[in-house]
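Overview (structure and organization)
Each chain, written out:
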Amino acid sequence: ARALTPQTAETDAIRFLVGTQSLRYDNQIHIIDFDDENNIINKNVLLHQVGEIWHITTSPADKGVLATCYNKTSDTKVMTCAAVWRMPKELESGSHESPDDSSSNTQTLELLCHLDNTAYGNMACVMWEPMGDGKKIISLADNNILLWDLQESSAKAVLSSSAALEGKGQLKFTSGRWSPHHNCSQIATANDTTVRGWDTRSMRQIYCIENAHGQLVRDLDFNPNKQYYLASCGDDCKVKFWDTRNVTEPVKTLEEHSHWVWNVRYNHSHDQLILTGSSDSRVILSNMVSISSEPFGHMVDDDELSDQEDQHQEEKIKEPLQDSVIATYEEHEDSVYAVEWSSADPWLFASLSYDGRLVINRVPRALKYHILL
């Protein structure tokens with residue numbers, strides 16, 4: 001397996017979706033519900049009979065809707081296609097009940113629509129407009145950016161605009177992220193060693209970080225609280241943080257992994273917490289506090305302090321906090337292809353390795369209280 005996503009619209013229950021990559025069997029989407037109080041994982045399985053799942057993402061507005069990028073074989077050619085699906089009604093929201101044996105027979109996804117890529121090439125990923133009503137989707141297909149409008153309760157996808165990479169060589173997108181800032185009018189894409197920013201209204205390029213990494217860029221993520229900050233990771237084993245207003249140099253670089261870094265994710269609530277997953281089989285949780293939205297720790301109101309405390313507080317505020325690796329998780333024995341934060345619990349995250357092992361972890365308690373208090 002290599003496809004993992006939190007159920008974005010589910011903010012009460014802790015829930016992740018995993019897509020399988022089996023060549024021999026029908027592929028499946030596993031709905032993973034984590035019962036935090038009892039430390040139990042419940043699983044429901046949906047059949048995804050069209051092919052191996054390379055990428056999976058969920059609607060920000062509708063708990064029952066998701067999109068997958070999958071391999072389809074036709075006349076000795078393998079194509080990566082994308083489609084929008086609906087899960088059965090009873091599975092839409094995160095439930096803590098273990099399915100009874102009678103009802104746990106595998107159910108099938110309902111196909112809502114295909115994102116028709118016949119003219120554009122292989123789909124690399126699909127991104128939903130982060131703050132939207134679930135009607136706008138961008139997909140990256142070979143060297144094309146395609147903006148889709150989902151109509152008639154997602155039963156139809158209409159291509160509303162597109163842009164293409166031009167230049168020499170094999171130009172193919174590997175991944176992309178939709179920025180939650182600027183009224184959701186910007187996306188960032190990775191192709192080869194380059195990171196580009198695009199305006200979704202004009203479909204024009206707004207910035208370009210050439211040679212962002214020494215080798216292929218694998219993944220990107222936007223800081224949820226600081227609008228110009230972007231993280232990238234790649235095959236040079238590095239994670240880099242950029243300010244998109246000045247792209248000549250990264251603001252910070254992390255060099256903790258010993259192999260390709262497949263995934264980088266900012267915590268949705270506390271932007272100093274950064275998760276990375278790599279084919280060195282490790283997941284690393286870093287505290288990048290110096291470039292977070294609270295680089296000097298939690299600000300305290302002056303009115304609340306006595307004079308003595310006041311002086312002490314001022315001395316403390318001047319010092320930016322130190323960046324550090326909080327923890328390295330080594331429960332995986334295979335390449336970690338995906339890491340994701342839960343949409344419901346900001347202190348909880350999941351990681352997925354190629355052998356199909358899903359691990360759920362928590363931010364260490366001491367650090368959690370240090371951030372909160």
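Per chain, residues are indexed from 1 in the order of the written sequence. Owing to the predicted nature of the model, reporting of local features is limited to residues with pLDDT of at least 70; listing and counting of side-chain atom pairs is limited to 80 or more, with chain, interface and lining totals taken over all residues. Excluding hydrogens and water, the side-chain figures rest on all heavy atoms present in the structure.

Let us now look at the domain arrangement of the protein chain. All the domain ranges listed were derived from an automatic or database domain assignment. For the protein chain, the assigned domains read domain 1 (1–90 + 106–164) and domain 2 (167–295 + 319–372). On a C-alpha basis, the centres of domain 1 and domain 2 stand 21 Å from each other. Working rule for contacts: check all heavy atoms of both residues, and any pair within 4.5 Å makes them a contact. Listed by partner, the interface residues are 41 residues for domain 1 and 37 residues for domain 2. Summing both partners gives a buried area of about 3,000 Å² for domain 1 against domain 2, and 73% of it is carried by carbon and sulfur. Between Lys or Arg on one side and Asp or Glu on the other, a salt bridge is scored when a side-chain nitrogen of the former is within 4 Å of a carboxyl oxygen of the latter. The interface formed by domain 1 and domain 2 contains one salt bridge. Asp36 serves as the salt-bridge partner of Arg362, at 2.6 Å between the closest nitrogen and oxygen. Throughout this description, a polar contact denotes any pair of N or O atoms lying within 3.5 Å of each other; where both atoms belong to protein, one of them has to be capable of donating a hydrogen while the other can accept it, and for residues adjacent in sequence the pair is counted only when both atoms sit in side chains. Our count for the domain 1 to domain 2 interface comes out at three residue pairs in polar contact (both at pLDDT 80 or more). Secondary structure follows DSSP: runs of H or I at least 4 residues long count as helices, runs of E at least 2 residues long count as strands, and numbering of each begins at the N terminus. Secondary structure elements with two or more residues in the side of domain 1 that touches domain 2: strand E1 (3–6), strand E2 (14–19), strand E3 (27–35), strand E10 (123–128), strand E11 (136–141), strand E12 (144–151) and strand E13 (156–164). Partitioning the side of domain 1 that touches domain 2 into residue classes produces 24 nonpolar, ten polar and seven charged. As a working definition, buried area equals the accessible area (1.4 Å probe) given up by two parts on being put together, with both sides summed. Side-chain classes follow a simple rule in which Ala, Val, Leu, Ile, Met, Phe, Trp, Tyr, Cys and Pro form the nonpolar group, Asp, Glu, Lys and Arg form the charged group, and the remainder, Gly included, forms the polar group.

Moving on: the state of the cysteines. Put plainly, a disulfide is one covalent bond tying together the sulfur atoms of two cysteines. Any pair of cysteine sulfurs within 2.5 Å is marked as a disulfide. Under the definition given, this model contains zero disulfides. Cys184 takes part in no disulfide bond, and the closest cysteine sulfur to it belongs to Cys125, at a distance of 16 Å. Free cysteine: Cys233, not disulfide-bonded; nearest cysteine sulfur from Cys237 at 11 Å. Of the residues examined, Cys233 reaches a relative accessible area of 0% and is grouped as buried. Buried means the residue's accessible area, taken with a 1.4 Å probe over protein chains only, is under 20% of the maximum for its type, while exposed means over 50%, and partly exposed covers the values in between.

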